[in-house]
Amino acid sequence: MAIHFSWHQGSLFLVFCFLGFLSFPADAAVKKYQFDIQVKNVSRLCHAKPIVTVNGMFPGPTIYVREGDQVLVNVTNYAQYNVSIHWHGLKQFRNGWADGPAYITQCPIKTGHSYTYNFQVMGQRGTLWWHAHILWLRATVYGAIVIMPKEGTPFPFPQPYSEANIVLGEWWNSDVETMVNQANKLGLPPPTSDAHTINGKPGPLFPCSEKHTFAMEVESGNTYLLRIVNAALNDELFFAIAGHNMTVVEIDAVYTKPFTTQALLIAPGQTTNVLIKADRSPSRYFMAARPFMFTNPIEEDHEFFLILVTLPQLPAPNDTNFALSYNSKLKSLNTPQFPANVPLQVDRHLFYTISLGQNPCPSCQNGTRLTASLNNTTFVMPKVGLLQAHYSNMNEIVSLCSIVSNYTGAPLTANLGTSLGTRLSKLAFNSTIELVLQDTNLLTVESHPFHLHGYNFFVVGTGIGNFDPKKDPAKFNLIDPPERNTVGVPTGGWTAIRFRADNPGVWFMHCHLELHTMWGLKMAFVVENGKSPEESVLPPPEDLPPC
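Residues numbered from 1 in each chain as written. Predicted model: local features only at pLDDT ≥ 70, side-chain atom pairs only at ≥ 80, totals over all residues. Heavy atoms only, no water.

J.: Lay out the overall build of the chain in plain terms, naming residues and giving numbers.
T.: Helix and strand content of the chain: four helices and 31 strands. Counting only contacts in the chain whose residues sit at least 6 apart along the sequence, the fraction spanning at least 24 positions is 80%. (Helix = DSSP H or I, 4+ residues; strand = E, 2+ residues; numbered from the N terminus. Contact = heavy atoms within 4.5 Å.)

J.: Give me the lowdown on the packing of aromatic side chains, citing residues and values where you can.
T.: Evaluated as defined, the whole model comprises 27 aromatic pairs. Seen in terms of ring centroids, Phe259 and Tyr326 are 5.7 Å apart; in terms of plane orientation they differ by 65°. Their pairing is edge-to-face. Taken together, the residues span a long stretch of sequence, with Phe259 in strand S15 (residues 254–261) and Tyr326 in helix H2 (residues 320–328) at a distance of 67 residues. Judged by its relative accessible area of 11%, Phe259 falls in the buried class. (Phe/Tyr/Trp six-rings, centres within 6.5 Å; stacked < 30°, edge-to-face > 60°. Buried < 20%, exposed > 50% of the residue type's maximum accessible area, 1.4 Å probe, protein only.)

J.: Please set out the sheet that holds strand S7 (residues 114–120) residue by residue, giving values where relevant.
T.: As summarised here, the arrangement of the four strands in space is S3-S2-S5-S7, forming an open sheet in which the pairing is mixed. The strands lining the two open edges of the sheet, one partner per strand, are strand S3 (47–54) and S7. The sheet shows a mean angle of 20° between the axes of neighbouring strands, taken without regard to direction. Of the pairings in the sheet, the one linking strand S5 (residues 70–77) to S7 comprises seven bridges and is antiparallel in character. Considered in S7, the bridge of Val75 is made with Tyr115. (Pairing = 2+ DSSP bridges. Axes fitted to C-alpha atoms, helices over the stretch in contact; angles between N-to-C directions.)

J.: Explain the environment of Ala232 residue by residue, including any values.
T.: Residue placement: Ala232 occurs in the loop between strand S12 (223–230) and strand S13 (237–241). Given the relative accessible area of 0%, Ala232 is considered buried. Among residues more than four places away in sequence, those in contact with Ala232 are Arg138, Leu168, Gly169, Glu170, Leu237 and Pro268.

J.: Account for the nonpolar core, with residues named and values stated.
T.: With 42 residues, the main nonpolar core has Trp87, Tyr117 and Trp130 as its most contacted residues. Grouped together as the second largest cluster of nonpolar side chains are 38 residues, Ala139, Leu427, Val459 and Cys511 included. (Core = buried A, V, L, I, M, F, W, Y, C linked by side-chain atoms within 4.5 Å.)

J.: Requested: an account of the pairing of strand S29 (residues 493–501), with residues and values cited.
T.: Counted residue by residue, S29 has eight buried out of nine residues, so it is predominantly covered. One ladder, built from eight bridges, connects strand S24 (residues 431–439) with S29; its direction is antiparallel. Looking at the pairing, Gln438 lines up with Trp494 of S29. Bridge analysis of strand S26 (residues 457–464) against S29 gives six bridges, and the strand direction is antiparallel. Counted as the bridge partner of Gly461 is Ala496 from S29.

J.: Account for unusual backbone geometry, naming residues and giving values.
T.: For the bond from Phe58 to Pro59, the omega torsion is -5°, close enough to zero to count as cis. Mapped onto the secondary structure, Pro59 falls in the loop between S3 and strand S4 (63–66). In this structure, Leu45 takes a positive phi of about 55° despite not being glycine. Tracing the backbone through its elements, the reader meets Leu45 in the loop between strand S2 (30–44) and S3.

J.: Describe in detail the state of the cysteines, supporting the description with residues and values.
T.: Enumeration over the complete set of coordinates arrives at three disulfides. The disulfide partner of Cys107 is Cys547, and the gap between their sulfur atoms is 1.5 Å. With Cys107 in the loop between strand S6 (85–88) and S7 and Cys547 in the segment after strand S31 (522–527), this pair connects stretches of sequence that are 440 residues apart. Here the disulfide map of the chain reads 1-3, 2-6, 4-5, the bonded cysteines being numbered as they appear in the sequence. (Disulfide = S-S within 2.5 Å.)

J.: Please give an account of the pattern of salt bridges that cites residues and values.
T.: All chains considered together, the criterion is met by 10 salt bridges. A salt bridge links Lys426 to Glu528; the shortest N-O distance between them is 4.0 Å. Placement of Lys426 in strand S23 (residues 424–427) and of Glu528 in the segment after S31 is noted, with a sequence separation of 102 residues between them. Take Lys426: its relative accessible area is 38%, and that puts it in the partly exposed class. (Salt bridge = Lys/Arg side-chain N within 4 Å of Asp/Glu carboxyl O.)

J.: Hey, could you go over the sheet that holds S23 for me, with residue numbers and the actual values?
T.: An order of S23-S31-S30-S25-S28 is seen for the five strands of this open sheet, with the pairing classed as mixed. Only two strands of the sheet have a single partner each, and these edge strands are S23 and strand S28 (486–489). Across this sheet, the average inter-strand angle for adjacent strands is 20°, counted without regard to direction. In the sheet, strand S25 (residues 448–452) pairs with S28 via four bridges, with the strands oriented antiparallel. By the bridge assignment for S28, His448 is matched with Val489.

J.: I'd like a description of H2, backed by residues and values.
T.: Of the residues making up H2, those classed as buried are Thr320, Phe322, Ala323 and Tyr326. The buried residues of H2 occupy an angular sector of 160° when the element is viewed end-on, so they sit on one face. The inward-facing, buried residues of H2 contact S13, strand S14 (246–251), S15, strand S16 (263–266) and strand S17 (271–277). (Arc of directions from axis to C-beta.)

J.: Which residues make up the pairing of S15, and what are the values?
T.: Across five bridges, S14 lies against S15 in antiparallel orientation. Looking at S15, one finds that Val248 is bridged to Phe259. Taken together, S14 and the strand that follows it, S15, pair antiparallel across an intervening segment of two residues, in which Asp252 is found at a positive phi of about 50°.

So, in C-alpha cells, the structure goes:
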C-alpha cells in the first residue's frame, strides 16, 4: 500500500479543524463515563459491515480528565464477543484491577454484563489512549485519553491557540475476527489492512472516501497542539503535514526537550504531541501517514520514494536512517519540575530475546503454525485472571531464561520450534530493573514495539546488531533518556530500558503488533508487595468479572 491520508480544507484551506481546550471546573474531581459496547454498521471504501464500537462511535469517545481526577468508566457489553478495555499508559498504582488486559488482570466482560473501571490519574498529564484488549477488537474499539495538567499549571511550552486529536488506525473491508480465525486455522498471518485511517477516515484518495476525510480548519498565524495516537494494529507509521514542520513536545504523556522535525515516526501504542504553526498561505495542505518497513542498515543502503504532488514529503518506507535519527532526538525534559529519575544502580539485569518461529500443526496449510516468543517461550494465555491468581497465591512463577548466540546474523530457518507456557517473571518490590530486548534472526529479523503495562520506563540505549554487555552500557544515556510506556526494538537490533518496580501487581508486557501478540510474543511481571499496606495490591472490586 502506498500512502494513506486525511486532511484538507477549511475557510483558509489550511488543514486543521479545531477543538478548543476543555474548561473543567476547579472543583472537578470525579469523571464518569458510560461505555456501551455495541455493534453498528459502518461503511468505508465502498464496503459496509457491522463493527464493534463504543457508544456507536468509530473511533470511540475521548476521555477528558485532569491530573488528580478520579475516573469511573462503566462498560456494558451488548456485543457478541467478550470484551475488556485497557487504559494504555495509565500506571494504575496498586490497582491492576483497572488495567484491562483479558486474563492478565481480569477476566473479560461477558455479553450482557457490566464492569466499572475505577482509577485515579496521578502524576501523569498529556495524551494517552484506550482500546479493547482481547482478540483483535481494538481494530475498531479505541479512543484517546486527554489528561490536562492540574488547574493553574501551565504547559512547559508555549500555550497553543487550540488543539485536536489525530488518531491513526487501520481498516479492513472484511470482518476482522472472521479473517483472523481463518488465518489461524491455516497457521498463516491474516491479510494486511485495506487502508490506514485518521480519526477513522481513510481520506479522499481512496474509493468512496471523499466524505470520509478528516479536515481541520485553522486560522492563519495561530499555533495548534496535535495529540497524535498510533492505534494501528500492525504498522509503525511515518506522519507528516505538507508544507509544515512540527515541534515535538511530548511522547507517551511525558514532556520532552522540544525539537523540530519535518516528519515523525510513531509505533503502535505510542502517542506524540506536536506544536504546529499555521504560517503558510491559505490553501489545502494534506496530512498523511505511511507504514515504516524497518530494514537493517547493515544489509540495506538503498531507498525509494513515490512522489505525489500536494502531499507531504514522507520518508521512504525503508528510511532506516531517518527512523534512527528521529528516535535519537527524543529526550526527557528533565527539569526540577519534571525530572528524569533514571535508576543509576541496577538490582537486576534481564535479557530477553525476541524471535519468530514455527511449531508443528498437522491441520495447518503447511503443516506448521507461525509463532513468536520471548527467550524461545511462546506465551499461552491462561483461563483465569493472573492478577486474581497472584492475589490468592494460586500461581507458580517461572522465570524466562535466555540462550547466548549470534542473534542477528543470517536468518535461521531450521529448528524454529518454541516452548509453550504461561511464563512470568517475579520482581522484588522497589527493585531497579534493566531489561535488554534483543531482536533475533530466527526466521527473519523484524522490528517490535514493546509495551509494558503499569509502568513508564527510560530508554537508556539502543543499537543495531548484538548487544554487547561489556561495551554498550558505557554509551547509555542516564541523564535525559526518553521516558515512555512503549518502545520500538529495531530490526536486527536491541533496546535497553530501566525502571523501578514500585507498582505491585501483575503487569503484562508484549509486542504491540497485534499479529505478534496473537502469536505469543508476550509475558508478565509479577511485582511483589512491599512491607506496608500502602505498598500492596488493593483488594479486588466487588464487580470484577468472573471467568
